[in-house]
Structures are given as structure tokens and as C-alpha cells.
Amino acid sequence: MTSGTFVTPTVGGGQSQFGLESYLARLNYNYKSKYYLGASIRQDSNSDLPEANRKGYFPGVSVAYRISEESFFKNSTALGFISDFRIRGSFAEVGNIAIGRFRYLGQYSAAVYGGQSGIGFSNIGNPALRWEEQKKYDLGLELGFLDGRINFIADYFRQDNDKIVLSAPTAPSLGVPGNSIVQNVGNIRNSGFELGINAEVLRKGDFTWSSSFNFTTQKNKVLALFNNEDQIGAYNIIRVGESINALYGYQYLGVAPANGNPLYQKANGTIIQGRISNQAYYTYDPANPNQYYNSALPISASNPDNRATLASSDRSVLGSVLPKWFGGFNNTFTYKGIDLNVLLRYQGGNLIYNRTRTDLVNQNFVNNGTEILGRWKSVAEPGDGVTPSVYFGRSTFINLDNQAYTRFVEKGDFLRLDNLSLGYKIPSKALNKISVGSVRIYASAQNLFVITGYKGLDPETNTNGAGVDYNGNPQQRTFTFGINLGI
């Protein structure tokens, strides 16, 4: 039963089809463990593309030079502590199949018209739709020290997403469903550096400690869009020159201490206040905070008291929702039959719009968070300087529901204990009488704690994938106990 075929839907469902046919050829060659070459070519046919453009050809090549195998390197006493040294580079091109089902075709879907069930035109097809491609570049080096006891890697990477499949806007007068048509119109670049080190830190008797650490930087930039036009949502913007889905909203300046009204800064630098009692905006004068009149604005019949506006044009890019750096720190300890693993993970440099906080300072007789206790009460009790005065029924005006602004923007930096596991392998001598080869008892825990300044439940909770936390569920804390038997 297809969803939407009932005027009053009580059941739902659907069916879709997808096919991918692929062929791959690959060649690997090395000469004297010194020179390495790899090459590949693959052909993919995607059923979600028109037949004329269905096939895509994606090459890849990699080279490496192991300098440590050269005679001058091996014979050098000064470089004897370096056991391996190589430089490498690679290029590869791949196609993205996640572009939606049959968007190159004109499509119909269930619709209601005049209270009756029917079908309606839902998508205008684009027979020129092509593969969305990713070009990946990498340049790096590897160093090994003390016969491989310590290994270090460093990489620079770049990934260019070309011909991205996006909904290009059309004029409403054309009558196109959704006022858009799917086209290959986008280009996005990701680039950064990755550093990593693996080491056998300590080996003494029955005790060993091995560790690995990696750190990666990331820079994201939109290079092209349809006519380079901004794509603006409630909280985000996709704009050429900015990171994808950057937060986009108003600049919030806190609370006017004289009256508890919220203050904002317009694009031209003017400070305005939102007068809660009549839900209107006025130019803010710190010397006369309760003067709701602006002589610089012309008087008119539609604006007799010279009100200001908080317009869409006053919004600006607030920051990136993508982490600028991330990585992990993994440690494994062993002593006789005991093993312990500790994995820490971190990231930061990104912003989160905590939309959940907006509902937790709602003033319409619903449950509130403790943040509301910092509200402005009077000149003598100005509160935390961030939370305006309360006023029943004016929550949407006071908190700008469903619009982004800096009041609820927070840093997403965190350090998480991702995994902790402890195991014990029973000595084989103790198992001889029961004809069991090995027994290992273990316990593990995931997501034990998070260190963060984020006020929400979890800095990795994004309910719409664009850095907006709107009543999202945090990651679960999981405990596992078990036994591994080998016979």
C-alpha cells in the first residue's frame, strides 16, 4: 500500500528499486621493495541516472618511494635509528550513488484533491543528470624508528566533490513541483592534514603498553552553486566561500538592564531592542533605554512610532557546524593473561545550535530548564544578562523560535571516553582437564563519559545533520560482559 493513497492515511508503505553494475581492474607492482606503483580503473552503471549517462569511469593511481632502502641511507650511521622512511602520493576518482531514486524522470505521487484520493505530478525530471564525482588527492610520508617500535605518518589530503546533485530553484510561476529541479550544480572542497603515531611504549617482562594517537584537521568550503545563489534554511545557509550548512542567524547582544528587553545588532551595526509588551523593535539608546521612538526614521501612517525591524537581511554567517579538528588516543596494556584497552576520542572547532534550549525557556506554562532562573526580574535583579524578562504568550517573540541567533549557539568541543575494556585469559594449564583450548572473560563499556562545555545532552547529537540539536537523543552508554571459548 503506497503512502498517501488514503485521504486520511492510516497505513503506509512503498517500493523502490536500485541497480548497480560494477567492473574493476587493479594492478600493483613494487621493485626491490623500493618503488611502488598501484593503478585501478572501475566502471559503474547506476540505475538512478539516465541511460545515456548511466556509465561512469573512475581511475585511481598511487606511487611510493621507500628511501630507507637506498644504499646511502642504509650505510649512514647517523640515520641508523630510522628503520623505514617512505614518501607517497595518490589520486583517485569515485562516484556517489546516493543521489535519490530516479530523479531524472518525471514522477507522480499520491495526492489529495478536493478531499478525494488521486495522484499528482511530484518531480520534473532532468534527462541530463550525470554522475556526482569525488576527486581525492593525498600526499604523505611514513617514518619508522627503532626497528618499527615507533611509527609516524603525516598526510595532506584534499577531496573535491564535483557535479554535486542539488535541487536548483526555479521561479514559482513555472509551476514546477517544489519550485526546483535536480541538477549537477554544486562543488565542495574538503582539505586538511592528518598526523599519526603508533608506538610500543613499554615492554618489560610480562608487561606491555602500546599506544596510537592521531590528529586530523579539516577545512570545508563551498566552491560553486546554481548561479552561485545562497540556499537559506531556518538555521543554516549554503553559500559559496563558506563551509556547507554554516549556521546563519542574528547577532544577539543580551538583555537591556533597564527593562529586560532582548537586544540585537543589525547588519549596519545599529543596536535595536525588542519591546516585549507590544512585540515591536526600536532603536536602542543606552542613555534612554525606555524611549521607544527613533527620530531618524520617517513617520508614516503604517509606522507612526518609527519602529525598527529585525529583517532577514540582518542575518550573517555565525560559524561552521563541521569540526575543524578531531582524532583519537588508543592505549592497550597487557600483563600475563590480563588485557586492558582505553580509547579516547575528541573533536572541536565546530558550533552547535542548541534549539532544545529554546523550548526549555518557553514561557507558556510548560516545563522549563534551570536557565530560566537567570531571567531579568528588575533593575535591581538583572539576572544573568542573557535571559530576557518573562511574559506569558510572548515566547516566540522573546526567543525567536525556529530562527538561529547567537544566544543559543555553543561550541561543540568534547573529549569522550569511547571505549574501556578489560579481559582475562585463563592459563591453558588450568583448562587441560576440561578439553577447552582457551577461555577469555571480558567486560567492556562504551561512552562512559564526555568532557564538554556544551549545555545539551550530547555534543554529537544533530537531529538534522546540520549542526542543530533539536530534542535529539544522546549516544547510549553500553556495558557488555562475555566469555570467549576456543575449542
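Cut-off values and rules
- Residues numbered from 1 in each chain as written.
- Predicted model: local features only at pLDDT ≥ 70, side-chain atom pairs only at ≥ 80, totals over all residues.
- Heavy atoms only, no water.
- Patch = residues over 30% accessible without salt bridge, like charges linked within 9 Å, V, L, I, M, F, W, Y side chains within 5 Å.
- Areas by Shrake-Rupley, 256 points an atom, 1.4 Å probe, with all protein chains shown as cover.
- Salt bridge = Lys/Arg side-chain N within 4 Å of Asp/Glu carboxyl O.
- Helix = DSSP H or I, 4+ residues; strand = E, 2+ residues; numbered from the N terminus.
- Buried < 20%, exposed > 50% of the residue type's maximum accessible area, 1.4 Å probe, protein only.
- Phe/Tyr/Trp six-rings, centres within 6.5 Å; stacked < 30°, edge-to-face > 60°.
- Lys NZ or Arg CZ within 6 Å of the ring centre and 35° of its normal.

Focus: a nonpolar patch on the surface
(1) Moving on: On the surface, Tyr-29, Tyr-31, Tyr-35, Leu-37, Val-61 and Val-63 cluster together to form a nonpolar patch covering roughly 560 Å² of accessible area.
(2) Moving on: Relative to the helices and strands, Tyr-35 resides in strand β2 (residues 35-46).
(3) Moving on: What makes Tyr-35 partly exposed here is its relative accessible area of 38%.

So, the pattern of salt bridges
(1) Moving on: Applying the stated criterion across every chain yields a total of 27 salt bridges.
(2) Moving on: With its nearest N and O atoms 2.7 Å apart, the salt bridge here joins Arg-101 to Asp-48. Separated by 53 residues along the polypeptide, Arg-101 in the loop between β4 (82-96) and β5 (107-113) and Asp-48 in the loop between β2 and β3 (55-66) bring together distant segments of the chain.
(3) Moving on: The exposure class of Arg-101 is partly exposed, given its relative accessible area of 37%.
(4) Moving on: Put simply, Arg-88 and Asp-138 hold a salt bridge, and the shortest N to O gap is 3.3 Å. One end of the pair, Arg-88, is in strand β4; the other, Asp-138, is in strand β7 (residues 132-145), with 50 residues separating them in the sequence.
(5) Moving on: Put simply, Arg-66, Glu-69, Lys-74, Asp-84, Arg-86, Arg-88, Asp-138, Glu-142 and Asp-155 are held in one network by salt bridges that share partners.

With respect to the packing of aromatic side chains
(1) Moving on: This model, assessed by the stated rule, comprises 21 aromatic pairs.
(2) Moving on: One aromatic cluster is present, built from ring pairs that chain together Tyr-235, Tyr-252, Tyr-264, Tyr-281, Tyr-353, Phe-397, Tyr-405 and Phe-408.
(3) Moving on: The ring of Tyr-137 carries the charged tip of Arg-158 above its face, separated from the ring centre by 4.6 Å.
(4) Moving on: Against the face of Tyr-470 rests Arg-355, its NZ or CZ located 4.3 Å from the ring centre.

Everything listed here is a matter of geometry and, on its own, says nothing about what the molecule does.
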